[in-house]
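Results of the structural survey
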Amino acid sequence: MASSARTKISKLFTPLNLRRFALPRGLGSQSFSSSAAVAAEPAAPPPADVLSGSRLLGLVKEYEDYRRNLYGGLTHKALLVDAVGTLVVPSQPMAQIYRQIGEKYGVEYSEHEILNRYRWAYGQPWGRSRLRYVNDGRPFWQYIVSSSTGCSNSQYFEELYNYYTTEKAWHLCDPNAEQVFEALRKAGVKVAIVSNFDTRLRPLLRALKCDHWFDAVAVSAEVEAEKPNPMIFLKACEFLGVQPEDAVHVGDDRRNDIWGARDAGCDAWLWGSDVNSFKEVAQRIGVEV
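Residues numbered from 1 in each chain as written. Predicted model: local features only at pLDDT ≥ 70, side-chain atom pairs only at ≥ 80, totals over all residues. Heavy atoms only, no water.

The name given to the protein chain in an unreviewed UniProt entry is Haloacid dehalogenase-like hydrolase domain-containing protein 3, and the organism recorded there is Rehmannia glutinosa.

**Details of the packing of aromatic side chains**
Threshold: Ring pairs are drawn from Phe, Tyr and Trp, using the six-membered ring of Trp, whenever the two centres fall within 6.5 Å, and their geometry is named by plane angle: stacked under 30 degrees, edge-to-face over 60, tilted for the rest. We call a charge positioned above a ring when the Lys NZ or Arg CZ atom is no farther than 6 Å from the ring centre and deviates by at most 35 degrees from the ring normal.
One pass over the full model with this rule turns up 19 aromatic pairs. One aromatic cluster is present, built from ring pairs that chain together Tyr98, Tyr118, Tyr122, Trp126, Tyr133, Phe140, Trp141 and Tyr143. Just above the ring of Trp269 sits the side chain of Arg284; from NZ or CZ to the centre is 4.2 Å.

**So, helix H12 (residues 254-263)**
As a reminder, the rule being used: Burial status follows relative accessibility: with a 1.4 Å probe on protein chains alone, a residue under 20% of its type maximum counts as buried, one over 50% as exposed, and anything between as partly exposed. Strands here are runs of E lasting at least two residues and helices are runs of H or I lasting at least four, both read from the DSSP assignment and numbered beginning at the N terminus. Polar contacts, as counted here, are pairs of nitrogen or oxygen atoms within 3.5 Å of one another; within protein the pair requires one atom able to donate a hydrogen and one able to accept it, and residues that are adjacent in sequence qualify only if both atoms are side-chain atoms.
Burial of H12 is extensive: 7 of the 10 residues sit out of reach of the surface. Along H12, the positions that sit buried rather than exposed are Asn256, Asp257, Ile258, Trp259, Gly260, Ala261 and Arg262. Between the side-chain oxygen at the start of H12 and the backbone nitrogen of Arg255 there is a gap of 3.0 Å, and the oxygen is on Asp253. Positioned one or two residues after H12, Gly265 has a phi angle of 100°, which is positive.

**Notes on the sheet that holds strand E6 (residues 247-251)**
Hydrogen bonds between backbone groups are what pair the strands of a sheet, and the pairing can be parallel or antiparallel. How we decide: Being paired, for any two strands, means DSSP has found at least two bridges between them. Orientation is described by lines fitted to C-alpha atoms, with helices fitted over the stretch in contact, and by angles between N-to-C directions that extend from 0 to 180 degrees. The criterion used for residue contact is that any of the two residues' heavy atoms lie within 4.5 Å.
Here 5 strands make up an open sheet; going across it, the order is E5-E4-E1-E6-E7 and the pairing parallel. Among the strands making up the open sheet, the edge pair consists of strand E5 (216-219) and strand E7 (267-270). Neighbour to neighbour, the strand axes of the sheet diverge by 20° on average, direction disregarded. Bridge count for E6 against E7 is 4 bridges, and the pairing is parallel. Opposite His249, over in E7, you have Ala268 as the bridge partner. Contacts from H12 reach E6 and E7 within the one sheet, and its direction differs from that of E7 by about 160°.

So this is what it looks like as structure tokens:
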């Protein structure tokens, strides 16, 4: 019965079925460094099993019970965690910071104008490279800053760029995260960050004093693959020494985090929907905090 549930769950979570539940443009999670949303595919009727919420929840519970039996009480051997929007969030709105720092450099756009221009610029194809974040990501961010504010002053860019490497710019989404990650690792669950970010991520984690919570960090600028490319998730699993099917990824972006992780063969839970805290993540894995 359990293996049957596993098969049914896997079918429900195929990329095609998941896209039937995609959020329209503008309604998905929005974070400082998330990719621009893609338009949802035309609506299509969901599979028959999905129509019954109680039936789906029953299958999910049966599947998780199956995994606990398989792994001695745990559903997964590894937890992969998105950075921006899941682990950390900006302490102040991006447009506010761009405006505040930019005033002394002659930036005159309002926060609303900056936000709109930022979204437009971020959604444009990046022709300099197949990756947005190459090494420190400076060329890409110079383009974003100048497009958002109309200011190409190099001193302004450097001040803004360096600000986002400090603990002043970010805070943890979940104040209980440290306790949860310690409990997970003590229980034998390996933990890694999987993030579309440039090489500032590691110093940022050190600045926030949370770098030691993780066994590995898979940064797109270092592994040369950006979510939703499955390669970044596969690299994270390789760093941890686990198979993709033994890992679950938690992130706030349906396209980048959920579809990408599942295409790599990992399970995936949407932050803010499937799970709302790291304590809840740990409990679903089978670790009490």
